Amino acid sequence: MSESRQITVSKNGVSKLAIVALALVFVAGLFVVGFDQGHIFSLVYGEQAFTDLYIHELTHDMRHAAGFPCH
Amino acid sequence: MKTAIFLFIVLVSGALAGFIHGTVNFTIVEPYLDQAIGIENQNLFESGEDQDTPQFWVEYEGYRVWQKSGQILAGVILGISIGSLFGIVFALSRNTLPGNNDLKKAITLSGIMWFTLYIIPFLKYPANPPTVGDGETVVLRAILYLSFIAISGLGAFSFYKLSTKLQNNKKIISLAGYTIFIGIVFLIMPENPDEITAPIELVTEFRIMSVLGVSSFWASIGIILGLFWNKLKPHQETNSSY
């Protein structure tokens, strides 16, 4: 006859990889919403992206509402 | 720690809180943005920089629809971003946060982060609607704003670490330390270089709505992440042996 035991243990260790991944998400998201002035799209579209400002315009209203400097 | 559940909780909580933030903004901040952009357009016509023509309004409607439609999407992106920072800090500080369950702990942390990362910097560099702000100074203003947030956050973290080394009746010392520290930084940091040219009633009301919007995010992230954490308990691992 076998006995079944269930033990619940609380571990505080947080995966370093998870921390790094979340830190990258934090920085990338903050840059997209708060600071991009065409930089991201310029990787594909070149200088024209700094004129079109697609991401800047898309995040424009949230940028003002959340307190980021906009223009 | 169950990493996959931890990441799920953090990212979904951030996205939901960001969605709430975007929706609140869409409802209460947008009317002020429209009003401010209306003044901006009048200034363009009066200065001769642009002309009040049907062509102008067609182009205007085009990009305003794009800007407005981005409010909720940007809210979700920003929510995931700030939510990630919140998740990191919560996971690392959970054991020392006050409260007898994870919901109370998460709400406490969101209150602390709302105050140190948003309210304190807002008092120094409050949000401004369109028409306020010189494009030439945007980089300087961004550096000032981010620096103040970072200084306030790191200062709070340092004094919090200090408080964990103090006995209960001496913890007030670290709170007083942060207050003095941030007060000095507040006085030293340069002012926003831009002059406010828009009507002050519009600017004030916009700022109140902005605070309500951002506060809705911080309230939501604490409640949502706390509820998820209480339910899914990513810090616990169940070992079965037979």
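Residues numbered from 1 in each chain as written. Chains lettered and ligands numbered in written order. Predicted model: local features only at pLDDT ≥ 70, side-chain atom pairs only at ≥ 80, totals over all residues. Heavy atoms only, no water.

1. A word on the overall build of chain A
Part 1: Counting secondary structure elements, chain A contains 4 helices and 1 strand.
Part 2: Sequence-ordered secondary structure for chain A, helices as α and strands as β, is β-α-α-α-α.
Part 3: Looking at chain A as a whole, 45% of its 71 residues qualify as buried.
Part 4: Counted over contacts in chain A with a minimum sequence separation of 6, partners at least 24 positions apart contribute 34%.
Part 5: Split by element, the accessible area of chain A, about 4100 Å² in all, is 63% carbon and sulfur. (Helix = DSSP H or I, 4+ residues; strand = E, 2+ residues; numbered from the N terminus. Buried < 20%, exposed > 50% of the residue type's maximum accessible area, 1.4 Å probe, protein only. Contact = heavy atoms within 4.5 Å. Areas by Shrake-Rupley, 256 points an atom, 1.4 Å probe, with all protein chains shown as cover.)

2. So, the side chain of arginine 94 of chain B
All names here are of chain B.
Part 1: Tracing the backbone through its elements, the reader meets arginine 94 in the loop between helix H3 (54–93) and helix H4 (102–124).
Part 2: Side-chain polar atoms of arginine 94 contact the side chain of aspartate 102, separated by 2.6 Å.
Part 3: Excluding its chain neighbours within four sequence positions, the residues that come into contact with arginine 94 are Asp102, Lys105, Trp229 and His235. (Polar contact = N/O pair within 3.5 Å; in protein donor to acceptor, adjacent residues only side chain to side chain.)

3. What to know about unusual backbone geometry
Part 1: Of note in this structure, leucine 53 of chain A is not a glycine but carries a positive phi near 50°.
Part 2: With respect to the element layout, leucine 53 of chain A can be found in the loop between helix H3 (48–52) and helix H4 (54–65).
Part 3: Its relative accessible area of 19% is what places leucine 53 of chain A among the buried residues.
Part 4: Despite not being glycine, lysine 233 of chain B shows a phi value in the positive range, around 45°.
Part 5: Relative to the elements of secondary structure, lysine 233 of chain B occurs in the loop between helix H7 (200–232) and strand E1 (236–241).
Part 6: Overall, the relative accessible area of 32% leaves lysine 233 of chain B in the partly exposed class.

4. Some remarks on the packing of H3 of chain B against H4 of chain B
Residues and elements named next belong to chain B.
Part 1: The contact between H3 and H4 brings their axes to 11 Å, and the two run at 125°. Judged by the inter-axis angle, H3 sits oblique to H4. Between H3 and H4 lies a crossing whose hand is right-handed. Together, Leu85, Phe86, Val89, Phe90 and Ser93 of H3 and Asp102, Lys105, Ala106, Leu109, Ser110, Met113 and Leu117 of H4 make up the contact between the two elements.
Part 2: The class makeup of the residues in the contact of H3 with H4 is 8 nonpolar, 2 polar and 2 charged. (Axes fitted to C-alpha atoms, helices over the stretch in contact; angles between N-to-C directions. Parallel < 35°, antiparallel > 145°, perpendicular 65-115°, else oblique. Left-handed = near helix turned anticlockwise from the far one by under 90°. Nonpolar A, V, L, I, M, F, W, Y, C, P; charged D, E, K, R; others polar.)

5. What to know about the interface of chain B and chain A
Part 1: In this assembly, 62 residues from chain B lie in contact with 40 residues from chain A.
Part 2: Between chain B and chain A, a total of about 4100 Å² is buried, with carbon and sulfur atoms accounting for 66% of that surface.
Part 3: Our enumeration of links across chain B and chain A arrives at 1 salt bridge.
Part 4: Across the pair aspartate 61 of chain A and arginine 64 of chain B runs a salt bridge, and its minimum N-O distance is 3.0 Å.
Part 5: Counting every contact that joins chain B to chain A gives 8 residue pairs in polar contact (both at pLDDT 80 or more).
Part 6: Put simply, the parts of the chain that give the side of chain B that touches chain A at least two residues each are helix H1 (3–28), helix H2 (30–47), H3, helix H5 (138–164), H7 and E1 of chain B.
Part 7: Among the elements that line the side of chain B that touches chain A, the one with the most residues is H3 of chain B, at 21 residues.
Part 8: The residue inventory of the side of chain B that touches chain A, partitioned by class, reads 32 nonpolar, 23 polar and 7 charged. (Buried area = accessible area lost by both parts, 1.4 Å probe. Salt bridge = Lys/Arg side-chain N within 4 Å of Asp/Glu carboxyl O.)

6. Describing the nonpolar core
All names here are of chain B.
Part 1: In terms of nonpolar packing, the biggest core is built from 60 residues, with Phe6, Leu78, Phe86, Trp218, Leu225 and Trp229 touching the most fellow members.
Part 2: Here this core takes 9 residues from H7, the largest share from any one element.
Part 3: Once you skip the residues sitting within four places of it in the chain, phenylalanine 86 turns out to touch Ala106, Leu109, Ser110, Met113, Trp218, Ile221, Gly222 and Leu225. (Core = buried A, V, L, I, M, F, W, Y, C linked by side-chain atoms within 4.5 Å.)

7. Notes on the environment of arginine 94 of chain B
Part 1: A residue is classified by how much of its surface remains accessible, and arginine 94 of chain B, at 12% relative accessible area, is buried.
Part 2: Between the alpha carbons of arginine 94 of chain B and alanine 106 of chain B there is a distance of 8.1 Å; along the sequence they are 12 residues apart.

8. Digging into the packing of aromatic side chains
Residues and elements named next belong to chain B.
Part 1: In total, this model carries 21 aromatic pairs over all chains according to the counting rule given.
Part 2: When the ring of phenylalanine 56 is compared with that of tryptophan 57, the centres are 5.1 Å apart and the planes differ by 90°; the resulting orientation is edge-to-face.
Part 3: For phenylalanine 56, a relative accessible area of 9% puts it in the buried group.
Part 4: An angle of 75° between the planes, with centres 4.9 Å apart, marks the rings of phenylalanine 90 and tryptophan 229 as edge-to-face. In this pair, phenylalanine 90 sits in helix H3 while tryptophan 229 sits in helix H7, placing the two residues 139 residues apart along the sequence.
Part 5: Taking relative accessible area as the criterion, tryptophan 229 reaches 0% and is therefore assigned buried.
Part 6: Through pairs of rings, three or more aromatic residues link up here, namely Phe6, Phe86, Phe90, Phe217, Trp218 and Trp229.
Part 7: In this structure, lysine 124 is placed above the aromatic ring of phenylalanine 186, and the distance from its NZ or CZ to the ring centre is 5.2 Å. (Phe/Tyr/Trp six-rings, centres within 6.5 Å; stacked < 30°, edge-to-face > 60°. Lys NZ or Arg CZ within 6 Å of the ring centre and 35° of its normal.)

9. So, H3 of chain B
Part 1: Taking 1.5 Å as the rise per residue, H3 of chain B with 40 residues should run 58 Å; its terminal C-alpha atoms sit 57 Å apart, in good agreement.
Part 2: Residue glutamine 71 of chain B marks the point of greatest curvature in H3 of chain B, where the axis turns by about 40°. (Expected span 1.5 Å × (residues − 1). Bend = angle between axes of the 7 residues up to and from the residue.)

10. Focus: the pattern of salt bridges
Residue and element names in this part refer to chain B.
Part 1: One pass over the full model with this rule turns up 7 salt bridges over all chains.
Part 2: Arginine 64 is the partner of glutamate 30 in a salt bridge, and the nearest nitrogen-oxygen pair spans 3.1 Å. Taken together, the residues glutamate 30 in helix H2 and arginine 64 in helix H3 connect sequence positions 34 residues apart. In this pair, the class of glutamate 30 matches that of arginine 64, namely buried.

Structural measurements only, silent on function.
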